[in-house]
Amino acid sequence: MEREARIQAAEDFLKEAVFRSREVQSSIDPWGGPAQRQASGPGNCGLGQEAAIELELTPRAEEILPQLELADLAHVRSIQSEWIERQDALDRKRNHFLRDFRRRHGADRTAYDASTLADFEAGLEDVNLEESRDRRAAALRLLSIAAE
């Protein structure tokens with residue numbers, strides 16, 4: 001597998017790790033009863049209190065892993081855990097940006113003037129670029145490839 005395709009596969013593997021952890025995270029009940037989603041509120045962005053680190057692979061991740069040709073399972077699990085935590089922080093950052101922006105300008109984007117809409121889109125783009133950059137860096141670490 002060529003280098004860039006291998007990096008993309010590693011990024012896809014990390015996305016799958018987050019999907020699996022989010023699935024587990026959405027079923028956690030902080031009160032010990034049946035699983036329920038927490039309502040969004042001032043201190044809650046809808047993601048619960050913390051990331052759920054779930055290292056069980058999705059079926060898609062099981063397909064991808066052999067393509068990565070990684071022998072050190074402890075290394076894989078370490079990078080998986082790190083990325084799940086980082087993705088959780090980025091999702092919270094995005095959610096908090098949206099919450100704060102909507103508090104200042106309202107939730108109806110169709111009512112934003114051109115400048116406000118540009119600020120909104122730029123704020124989301126900043127978080128999305130950070131996420132893409134950090135996921136690629138994690139993929140490179142997963143593959144033990146030096147950063148470019």
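Keep in mind that what you see is a predicted model, and the values were worked out from it rather than measured. (Residues numbered from 1 in each chain as written. Predicted model: local features only at pLDDT ≥ 70, side-chain atom pairs only at ≥ 80, totals over all residues. Heavy atoms only, no water.)

Here we take up the overall build of the protein. Within the protein one finds 4 helices and 0 strands. Beginning at the N terminus, the succession of helices and strands in the protein can be written as α-α-α-α. Just so you have it, the protein exposes about 8900 Å², and 51% of that area is on carbon and sulfur atoms. (Helix = DSSP H or I, 4+ residues; strand = E, 2+ residues; numbered from the N terminus. Areas by Shrake-Rupley, 256 points an atom, 1.4 Å probe, with all protein chains shown as cover.)

Take the pattern of salt bridges next. One pass over the full model with this rule turns up 17 salt bridges. Glu4 serves as the salt-bridge partner of Arg136, at 2.8 Å between the closest nitrogen and oxygen. With Arg136 in helix α4 (residues 114-142) and Glu4 in helix α1 (residues 3-25), this pair connects stretches of sequence that are 132 residues apart. Between Asp134 and Arg86 there is a salt bridge whose closest N-O contact spans 2.8 Å. In this pair, Asp134 is assigned in helix α4 and Arg86 in helix α3 (residues 73-105), connecting sequence segments 48 residues apart. (Salt bridge = Lys/Arg side-chain N within 4 Å of Asp/Glu carboxyl O.)

On to the confidence of the model for the protein. When the pLDDT values of the protein are averaged, the result is 85; 80% of them are 70 or greater. Taken element by element, the predicted model of the protein shows its lowest mean pLDDT in α1 (91) and its highest in α4 (97). Across residues 33-43 the pLDDT falls below 50, and counting only partners more than four positions away or on other chains, this stretch makes 15 contacts in the model. (pLDDT = per-residue confidence, 0-100. Contact = heavy atoms within 4.5 Å.)

Under the criterion given, the structure shown has 5 aromatic pairs. Ring centres of Phe101 and Tyr112 lie 5.6 Å apart, and the angle between their planes is 65°; on these two criteria the pair is classed as edge-to-face. With Phe101 in helix α3 and Tyr112 in the loop between α3 and α4, this pair connects stretches of sequence that are 11 residues apart. In this structure, Phe101 and Tyr112 share a single accessibility class: buried. Joined through ring pairs, the aromatic side chains of Phe97, Phe101, Tyr112 and Phe120 make up one cluster. (Phe/Tyr/Trp six-rings, centres within 6.5 Å; stacked < 30°, edge-to-face > 60°. Buried < 20%, exposed > 50% of the residue type's maximum accessible area, 1.4 Å probe, protein only.)

Its place among the elements puts Ser81 in helix α3. Sequence separation between Ser81 and Leu14 is 67 residues, and the spatial gap between their C-alpha atoms is 9.5 Å. With residues near it in sequence (within four places) discarded, Ser81 still touches Ile53 and Leu55.

Counting 20 residues, the largest nonpolar core has Ala10, Phe13, Leu14, Leu68, Trp83 and Leu142 as its most contacted members. Listed by contribution, the elements that provide at least two residues to this core are α1, α2 (59-68), α3 and α4. Looking at this core, the element that brings in the most residues is α1, giving 7 residues. By size, the runner-up hydrophobic cluster in this structure holds 5 residues, among which are Phe97, Leu98, Phe101 and Phe120. (Core = buried A, V, L, I, M, F, W, Y, C linked by side-chain atoms within 4.5 Å.)

The next subject is α4. An ideal rise of 1.5 Å per residue puts 42 Å on 29 residues; α4 measures up with 41 Å between its terminal C-alpha atoms. Within α4, burial applies to Thr116, Phe120, Gly123, Val127, Glu130, Glu131, Asp134, Arg135, Ala138, Ala139, Leu140 and Leu142. On its buried side, α4 packs onto α1, α2 and α3. One side-chain oxygen at the N-terminal end of α4 lies 3.1 Å from the backbone nitrogen of Ser115; it belongs to Asp113. Phi turns positive one or two residues past the end of α4, at Ser144, with a value near 55°. (Expected span 1.5 Å × (residues − 1). Polar contact = N/O pair within 3.5 Å; in protein donor to acceptor, adjacent residues only side chain to side chain.)

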